[in-house]
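Residues per chain, in single letters:
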Amino acid sequence: GATYEPDLDNALCHDANADLGLAYDFLHPFMTEADRALVRTLLARMTAERQAYGVGMSPAAVSTNWRTHHDHIVIAALAIEGEAGYDAAVYETNIEKLRSFNSAYGVTSSGLPHEGLAYFAFGMHWGALSMLATARRGDNLFETTHYYRSLHYALRETAPWAEGYVFGHGDGGGWSTGTGASSFYT
């Protein structure tokens with residue numbers, strides 16, 4: 001039958017699946033070892049020798065939602081951390097990219113995202129979870145970067161009279177900007 005081969009030349013890496021990694025993580029205690037091995041093998045093949053988009057780029061280039069949105073690779077890889085097939089470099093290479101994004105070019109010192117809130121929230125859907133993984137491993141980017149201030153910025157942009165309406169520029173303003181997404185749950 002067909003064999004899954006990750007597209008290692010594709011910088012956007014659409015063929016990795018963080019949802020599978022999260023499901024594996026949550027369901028791990030309830031699975032048989034044979035089931036775990038099957039999913040672990042697929043996660044390893046999706047993530048081995050991969051990097052999230054933005055890793056290795058100049059700090060100024062690490063400024064858009066695409067640089068954090070593709071942290072789904074990191075989440076998928078971390079689901080099998082310590083198990084056969086885990087590639088530690090997937091996580092380790094991502095830390096400086098996250099630090100750069102949230103310290104300078106993706107989020108300013110006031111908390112203002114480089115892009116509108118919709119794009120920022122889109123990128124941080126996986127970026128925030130990746131930062132949570134970093135914090136759990138001793139490098140708390142929530143405290144050492146401007147990310148926490150971005151939460152304050154989103155609050156300051158919320159209209160006081162209209163539930164869910166967010167001011168802002170471009171398509172970052174208006175109803176349903178994505179700011180209610182998991183980006184800000186953390």
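Residues numbered from 1 in each chain as written. Predicted model: local features only at pLDDT ≥ 70, side-chain atom pairs only at ≥ 80, totals over all residues. Heavy atoms only, no water.

### Describing the packing of helix 1 (residues 18-27) against helix 2 (residues 33-47)
For clarity, the threshold we go by: The convention used is that axes are lines fitted to C-alpha atoms, helices contributing only their stretch in contact, and that angles between N-to-C directions extend from 0 to 180 degrees. Segments assigned H or I by DSSP are reported as helices when at least four residues long, segments assigned E as strands when at least two residues long, and all are numbered from the N terminus. Left-handed describes a crossing whose near helix is turned anticlockwise from the far helix by less than a right angle; the clockwise case is right-handed. Residue contacts are defined here by distance: any two heavy atoms, one from each residue, within 4.5 Å place the two residues in contact. Nonpolar residues are Ala, Val, Leu, Ile, Met, Phe, Trp, Tyr, Cys and Pro. Charged residues are Asp, Glu, Lys and Arg, and all others, Gly as well, are polar.
Contact geometry of helix 1 with helix 2 gives a least axis separation of 11 Å together with a crossing angle of 150 degrees. As helix 1 runs across helix 2, the sense of the crossing is left-handed. Contacts from Leu20, Gly21 and Tyr24 of helix 1 reach helix 2 at Arg36, Val39, Arg40, Leu42, Leu43 and Met46. Class assignment for the residues of the contact of helix 1 with helix 2 results in six nonpolar, one polar and two charged.

### So, the nonpolar core
Keep this limit in mind: Here, nonpolar core refers to any group of buried Ala, Val, Leu, Ile, Met, Phe, Trp, Tyr and Cys residues whose side-chain atoms link them within 4.5 Å. Only protein chains enter the calculation, and the probe is 1.4 Å; a residue is then buried if its accessible area is under 20% of its type maximum, exposed if over 50%, and partly exposed in between.
Counting residues in each nonpolar core, the largest one holds 20 residues, and the members touching the most others are Tyr24, Leu43, Val74, Leu78, Ile80, Tyr86 and Tyr91. Going through the elements one at a time, helix 2, helix 4 (72-78) and helix 5 (88-92) are the ones with two or more residues in this core. In terms of residues, this core owes the most to one element, helix 4, which gives five residues. Leaving out residues up to four positions away in the same chain, Leu43 has contacts with Asn17, Leu20, Gly21, Tyr24, Ala76, Ala79 and Ile80. Judged by nonpolar contacts, the second largest core, of 11 residues, contains Val107, Met124, Phe142 and Tyr147.

### Side note on the environment of Met131
The residue Met131 is located in helix 7 (residues 117-136) in this model. A relative accessible area of 0% places Met131 in the buried class. When the C-alpha positions of Met131 and Asn102 are compared, they lie 9.9 Å apart, and in sequence the two are 29 residues distant. Ignoring sequence-local partners within four residues, the contact set of Met131 consists of Leu98, Asn102, Met124, Leu141, Phe142, Thr145 and Tyr147.

### Here's the deal with the side chain of Ser100
Within the element layout of this structure, Ser100 appears in helix 6 (residues 95-105). In contact with Ser100, other than residues within four places in its own chain, are Pro59, Val62 and Tyr105.

### Considerations on helix 6
Residues of helix 6 that are buried include every one of Ile95, Lys97, Leu98, Ser100, Phe101 and Asn102, and no others. Those residues of helix 6 hidden inside the fold are in contact with helix 3 (66-69), helix 5, helix 7, helix 8 (141-144) and helix 9 (147-156).

### Quick notes on the pattern of salt bridges
The test is simple: Each reported salt bridge corresponds to a side-chain nitrogen of Lys or Arg within 4 Å of a carboxyl oxygen of Asp or Glu.
Applying the stated criterion across every chain yields a total of seven salt bridges. The partner of Asp139 in a salt bridge is Arg99, with the nearest N and O atoms 2.5 Å apart. Within this pair, whereas Asp139 is found in the loop between helix 7 and helix 8, its partner Arg99 is found in helix 6, the two being separated by 40 residues in sequence. For Asp139, a relative accessible area of 21% puts it in the partly exposed group. The class for Arg99 is partly exposed, based on a relative accessible area of 24%. Ionic contacts of the salt-bridge type, sharing partners, join the residues Glu33, Arg36, Arg40 and Glu83 into one network.

### Some thoughts on the packing of aromatic side chains
For clarity, the cut-off: Here a Phe, Tyr or Trp ring, Trp counted by its six-membered ring, pairs with any other such ring whose centre lies within 6.5 Å, and the pair is stacked when the planes are under 30 degrees apart, edge-to-face when over 60, and tilted otherwise.
Applying the stated criterion across every chain yields a total of four aromatic pairs. A ring pair is formed by Phe142 and Tyr147, whose centres lie 5.5 Å apart and whose planes are at 70 degrees; its orientation type is edge-to-face. Taken individually, Phe142 and Tyr147 each receive the classification buried, so the pair is uniform in this respect. Counting every residue linked through ring pairs, the aromatic cluster contains Phe101, Phe120, Phe142 and Tyr147.

### Let's talk about a nonpolar patch on the surface
Put simply, the rule is: Note on patches: the residues involved have over 30% relative accessible area and no salt bridge, like charges join within 9 Å, and the nonpolar side chains Val, Leu, Ile, Met, Phe, Trp and Tyr join within 5 Å. In this description, accessible areas are obtained by the Shrake-Rupley approach with a 1.4 Å probe, and a residue is regarded as covered only by the protein chains that are shown.
On the surface, a nonpolar cluster with roughly 400 Å² of combined accessible area is contributed by Phe26, Leu27 and Phe30. Along the chain, the position of Phe26 falls in helix 1. Taking the relative accessible area as the measure of exposure, Phe26 reaches 60% and is therefore exposed.

### A closer look at unusual backbone geometry
Of note, Glu49 is a non-glycine position whose phi angle comes to about 60 degrees, a positive value. Looking at the secondary structure, you find Glu49 in the loop between helix 2 and helix 3.

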